[in-house]
Each structure stands twice: as structure tokens, then as C-alpha cells.
Amino acid sequence: MSASTALNLGSLCSSVVNLPTHYSHKPSLLLHGTQSQQFLTLPNTVLKGFSGSRNMKSAVAAVDSSDPAEKQETERKKYYFLVANAKFMLDEEEHFQEQLFERLRLFGERDKEQDFWLVIEPKFLDKFPNITKRLKRPAVALVSTNGPWITFMKLRLDRVLQESFEADSTEEALACTPVNLEFEKPEKWTAPYPKYESGWWEPFLPPGSQTSKV
Amino acid sequence: MAAEMALLKPITKFNTFNTTTTSRLSNRRLPFTVRMSATTTPPTSKPTKKAQKQGIKESLLTPRFYTTDFDEMETLFNTEINKNLNEAEFEALLQEFKTDYNQTHFVRNKEFKEAADKIQGPLRQIFVEFLERSCTAEFSGFLLYKELGRRLKKTNPVVAEIFSLMSRDEARHAGFLNKGLSDFNLALDLGFLTKARKYTFFKPKFIFYATYLSEKIGYWRYITIYRHLKANPEYTCYPIFKYFENWCQDENRHGDFFSALMKAQPQFLNDWKAKLWSRFFCLSVYVTMYLNDCQRTDFYEGIGLNTKEFDMHVIIETNRTTARIFPAVLDVENPEFKRKLDRMVEINQKILAVGETDDIPLVKNFKRIPLIAALASELLAAYLMKPIESGSVDFAEFEPQLVY
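Residues numbered from 1 in each chain as written. Chains lettered and ligands numbered in written order. Predicted model: local features only at pLDDT ≥ 70, side-chain atom pairs only at ≥ 80, totals over all residues. Heavy atoms only, no water.

An unreviewed UniProt entry lists chain B under the name magnesium-protoporphyrin IX monomethyl ester (oxidative) cyclase, from Nicotiana tabacum. Listed in UniProt under the heading Pathway (unreviewed entry), the comment for chain B reads: "Porphyrin-containing compound metabolism; chlorophyll biosynthesis." Regarding chain B, the UniProt comment filed under Cofactor (unreviewed entry) reads as follows: "Fe cation". (UniProt positions renumbered as here; feature names shortened; annotations may be inferred.)

Reading the Sequence similarities (unreviewed entry) entry of the UniProt record for chain A gives the comment "Belongs to the ycf54 family."

Next up, the structure:
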């Protein structure tokens, strides 16, 4: 799976990598197909606090915004998103879930890095007061670096707000506030099949934030 | 309303009106509708050796082949004439279709033939007809989209390419179904059908409304069956159902494209005429599906479904989806709507019963007249029920009040 190629630092950067001590080997996070190279920052200082492990395969930083890692020279990327309240995004739109799993499956088949995430209560919303004033909370955003795909998803979902922003790193872009989500059973259920289970969104959460949802 | 005519044996005076109804579209995306040949004509004998399906038996129920005013289509999407086309949405759709999620998905295995051999008795006939009708319907989509892809190449290459990619999907679906027929020692001669079938003409506007609905209803039908069988696997008598989850995403995407096409022509969405047409097409499609399915209830019961509950669920969900684009939809969750549908089923059954009697055609027609009048009256009443205001947030007047 792409995670293993992502782990190969040799292919990502030839220079020494700055890793904070407490982010040691966390292979389980990498199974979610993260773009771990985006968590690596190119150093302009000598490596600091690196635990000395020569195993450079675990260069994953969590999304915790209290991350003390220095933000070195980075690529500024554009992130596109759609946002609506959590009930709509995660509980009501079952076809949405199917689409995301289909896309994840495709990325796996074609060995592509995951470039789309679901972010629950994203911090970047603070930058968009015009959105937050008409948003029910908790809110969930679909974020991607693939602009046209977000445009397509807007066409599909329709009842969402669309915007974009730039960020220096994926961890910054996907920073969020953990929220416990529980949805009530629907009053009316007409289908001859059971509802999709809660928690289906786990594989799409930004790396690092899944653990708090278990 | 003409839609219900699709369920009746051909009555000459209604025939011409029928060519502009949505009967095809309701049938096209209804893979489980079975040709209603049983009422007056004996079912065509099915030779056991591999054979061509007997020549074209055109009836009101046979999935139709469609054509449209291609010149008008070209004008609608001509990028030079229409500076307001939302290129971003079409480019996004093009990327999505180019992705080709199901490129490697439609692969058969030996399970198919083995399962087909086990299906005997009346269920076999029902299955064959299901495969045949579905294949014809998918193929019909293939032809229309292919032609549109060809015709729009110069005037709007992006839209043209999307149509071509959709025809790729339809060809895949049709091919898969035709191979399924071979499990039952039959095959559709698609080349022959292309040349010999009559084509029904629909203006572009009607193609949009109707095809949007038929794609979306197709998605809901397939996914409902898939999820039901996933929860109740003992009813999966033929492996094709296992493919439905991925298959129906194609249908859903096709619907999205028609959504974008309509948004590119806001005159189809933003006035009182648009609302009336929206309600008309919703009603036609829902009623035709309901009546068709209730006639073929053995199939649904054969896979463990309660036909009416299945249909109501599909109608409710399709309606909810359609509310994201059509400016008005029907209040399908109002219990009166289902009551009307059920009354229509009863009337339809009586009409069919008339067809089965030994009376001469003239007498039959006379007997049918009051029944048809009753059916028309129910349809009209359903049409006049208070609709639900709806539409894309991109256009809706109520958007500023929305909280997301």
C-alpha cells in the first residue's frame, strides 16, 4: 500500500529530517494512507531532539495543534473544502459514505496518496466567520487538495458551503477540535436494510485524530 | 397523464401521445420491470440452445430508444453562444468520469452460470426478462449518450467528452447484462436492435428532467436491493446483485451530470413552467415504477422484498435527492400519496383483467374507458397535491435563510 512508499524517506528528501522526540514510531497511523511526506519539514537547522533512531520510517507528525515541531520551510498548498453540520455530513447522506469508500478503494488500487479527509470541527473555520455564522455545530468539513473534486462533491451534496484556504502543511490545514459525536436514530426509517453504522468516517479523519474517536 | 398508458395494452388513440411520455425513462432505469406480454400474447418460447431473442416485439412497455433535437442541444451548450456556462462544474465532472472507478469492476466468474442453471421454473422467465429489459435500457442510454458525445464535440468538447464517457459506462453495463443472458442460453442482438428499433423523440429539456430522474432512481433501486441482500444474503440467487454497489455509483454520477446540465440552463429550473414540468416528471416516473413493480411482485418477493415498501422507499429517497435540483417535487411522504398509488394499482389490475377476457377488442376498449378515466383522475389528483418547494442552494430563493 502507498504507506510503505511514503515511509521511505530516501525518496522524500535527501536532507536530514527534523523530528521531535515524542513522535516516535507510530506505524498504525500510517495505515490510513497519509501523505506522510507532508509532515516532514525540510530543515534549515541541524536536527534537533531526534531520538537518534536511524529508522527514518516513522516521520509522522500528529495533528495536535500543540505540536511543538518547528515549522521549517514548507510548501504552501491550497486546500478546498465543503462544510455543513455533522448530522448532515456524517449521518444523513449515506451515498456520501459510499462515495468516500469508493474513492479510498480506488486510491488503494492505483497506489495513490489519500488527498481527501473528513475533519470534525476544523480549526480553519475560525477564518471564515461568514460561514460559521450560518453553520450548525458541531460541523464537519470535507477537505481536499483536489479542487475540481471538491467542486464535484458540491454538485453532489449541494447543501454545503464551499471555500478554500492556504496552509503550510497538512497538519495545519486539518487541525481540529476533538468532539464526541453521537447521532440519534432516525424517527422514520423506510429502507429494507439497516442504517450504516456510526463511526464509518474513521478512515477519513486526519491522521492522529482517529485515536480519540475509538 | 400519459405515463400510466405505458401499462395498458396498446390502445390506438393513446399511442401517438405516448411517444412523448416518460414511459421509457421510467422503464429504462427499472431493471426489474418485466415485459407485459403475458396478458394477451403467449410468452415467447425460449429455446434452450443459445439463440437470438426473437425479433423486436415493440409494446408500450419495451424500453425505448431515444433521440432528441441535436441542433437544439448544440445551441444550448455552445460555449461561444453561452458565456455563462459553469465550466468549473463540467471540468470537475469530466475529471470524475475520467477517473473511471469501475474500470476493472465488471468481471464475471463461474458463479454466474452455475447460479443461472439453478434458477428454474417461473422465476427463470422473470429473470430472463429482467436481464433483457435492463440490457436494452442500458444500451438505449449508450446510444443516446454516444450520439450526443459525437454531436457536441465541436460546440462544447468538455460536455461532449462527458457524454462519451457515460456511454462507456452504459456499454459496460449493457455488455455485462448481455453476458448474463448468455448464462440462460440467450443473447440480445444489439446491432440489430440499433438499426431496427423505433426511436422516440424527446426535446432536450425533457431529456434532462427525465434522464436525471431515471439515473437517480436507478441508483436508489440498485443500492436498496444491494443493501437488502447484504443484510439477507439467502436471497441472492444470482451473483449480479453483488455488483450493484459499485454499479449504482455510475448511475448516481450520471445523474449528477444531468444536474449540472440543468444548472447550466437555469431557464429549466427557475420559473413556474419548470415547477410544473418537474412535478409532472416526478409523478410519471414514480407512478410508472410503482405500477410496473406491483405487476411483477413475484420478482421482488423472490429476492425477499416487500414490493410496495421497496418502491415507497425508493420513491422517497429519489424525491429527496431530486429536491436538490428540481424547483418543486412531490410530497411523497404524505400518506395520501401512497393511498393514491395503491388505488392506481387496483385500477390498473382491472384494466389488465379486461385485456385478458375473451371479448372483442371493441368491447374491451369500452370496458377500459371508465377505468382509464378513474386512473387519470387519480393521477391528476396526485399531480395537484401541494408540492414541496425545492432546488439547489445555488439558485434557491430560500437560500439566505438556510443554516447549513
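Structure's up, so let's keep going.
(A) Highlighting helix 7 (residues 147–157) of chain A. Where burial is concerned, most of helix 7 of chain A is hidden: 10 out of the 11 residues are buried. Note on helix 7 of chain A: the residue one or two positions beyond its end, A:Asp158, has a positive phi of about 60°. (Buried < 20%, exposed > 50% of the residue type's maximum accessible area, 1.4 Å probe, protein only. Helix = DSSP H or I, 4+ residues; strand = E, 2+ residues; numbered from the N terminus.)

(B) The pattern of salt bridges, seen in detail. Residue and element names in this part refer to chain B. Under the defined criterion, the tally for this structure stands at 42 salt bridges over all chains. Between Asp342 and Lys308 there is a salt bridge, and its shortest N-O distance comes to 3.3 Å. Taken together, the residues Asp342 in helix 14 (residues 335–356) and Lys308 in helix 13 (residues 307–322) connect sequence positions 34 residues apart. Several salt bridges converge on common partners, so that one network encompasses Glu336, Arg339, Lys340, Arg343 and Glu378. (Salt bridge = Lys/Arg side-chain N within 4 Å of Asp/Glu carboxyl O.)

(C) Layout of the packing of aromatic side chains. Applying the stated rule across the entire model yields 61 aromatic pairs over all chains. With a centroid separation of 5.0 Å and an interplanar angle of 75°, the aromatic rings of A:Phe101 and A:Phe204 are classed as edge-to-face. Of the two residues, A:Phe101 sits in helix 5 (residues 94–109) while A:Phe204 sits in the segment after helix 8 (170–173), which places them 103 residues apart along the sequence. Since its relative accessible area comes to 0%, A:Phe204 is described here as buried. Note on A:Phe183 and A:Trp201: the rings are 5.9 Å apart at their centroids and 80° apart in plane angle, and the pair reads as edge-to-face. Of this pair, A:Phe183 sits in the segment after helix 8 while A:Trp201 is found in the segment after helix 8, placing the two residues 18 residues apart along the sequence. Lying across the ring of B:Phe112, B:Arg108 places its NZ or CZ 4.8 Å from the centre. The ring of B:Phe65 has B:Arg197 lying over it, and the distance from NZ or CZ to the ring centre is 4.7 Å. (Phe/Tyr/Trp six-rings, centres within 6.5 Å; stacked < 30°, edge-to-face > 60°. Lys NZ or Arg CZ within 6 Å of the ring centre and 35° of its normal.)

(D) Fine view of the layout of surface pockets. Each pocket or cavity is described by its volume, and for the largest pocket that value is around 1100 Å³. In terms of lining, the largest pocket is formed by 48 residues, of which the most central are A:Glu92, A:Glu93, B:Glu317, B:Arg320 and B:Arg324. Secondary-structure elements contributing two or more residues to the lining of the largest pocket are helix 4 (86–92), helix 5 and helix 7 of chain A together with helix 9 (204–231), helix 10 (244–263) and helix 13 of chain B. Its residues assigned to classes, the lining of the largest pocket shows 18 nonpolar, 8 polar and 22 charged. (1 Å grid on protein atoms, 1.4 Å probe; cavity = no way out; pocket = protein on both sides within 12 Å on 5 of 7 lines; lining within 4 Å. Points joined across faces, edges and corners; volume = space filled by probe spheres on them. Nonpolar A, V, L, I, M, F, W, Y, C, P; charged D, E, K, R; others polar.)

(E) Region of the structure containing the sheet that holds strand 4 (residues 161–167) of chain A. Residues and elements named next belong to chain A. One open sheet accounts for 4 strands, arranged 2-3-1-4; its pairing is antiparallel. Every other strand in the sheet has two partners, leaving strand 2 (116–120) and strand 4 as the edge strands with one partner each. Here the strands of the sheet are splayed against their neighbours by 30° on average, with no regard to which way each runs. Where helix 7 meets the sheet, its contacts fall on strand 1 (77–85), strand 2, strand 3 (139–144) and strand 4, and the angle it forms with strand 1 comes to roughly 15°. (Pairing = 2+ DSSP bridges. Axes fitted to C-alpha atoms, helices over the stretch in contact; angles between N-to-C directions. Contact = heavy atoms within 4.5 Å.)

(F) Inspection of the domain arrangement of chain B at higher detail. Residue and element names in this part refer to chain B. Here the domain parsing of chain B yields domain 1 (58–265) and domain 2 (268–390). Measuring from the centre of the C-alpha atoms in domain 1 to the corresponding centre in domain 2 gives 23 Å. Interface of domain 1 and domain 2: buried area, both sides summed, is about 2800 Å²; carbon and sulfur atoms make up 77% of it. Among the residues of domain 1 in contact with domain 2, Tyr209, Leu213 and Trp220 are the three that bury the most area, contributing 25% of the side total. The interface formed by domain 1 and domain 2 contains 1 salt bridge. (Domains from an automatic or database assignment. Buried area = accessible area lost by both parts, 1.4 Å probe.)

(G) A look at the interface of chain A and chain B. Contacts between the two partners involve 39 residues from chain A, matched on the other side by 47 residues from chain B. With both sides pooled, the region where chain A packs onto chain B buries about 3600 Å², and carbon together with sulfur makes up 47% of that total. Applying the counting criterion to the chain A and chain B interface returns 9 salt bridges. Of the charged contacts, one joins A:Arg156 and B:Asp256 as a salt bridge, the two residues approaching to 2.7 Å between their closest N and O atoms.

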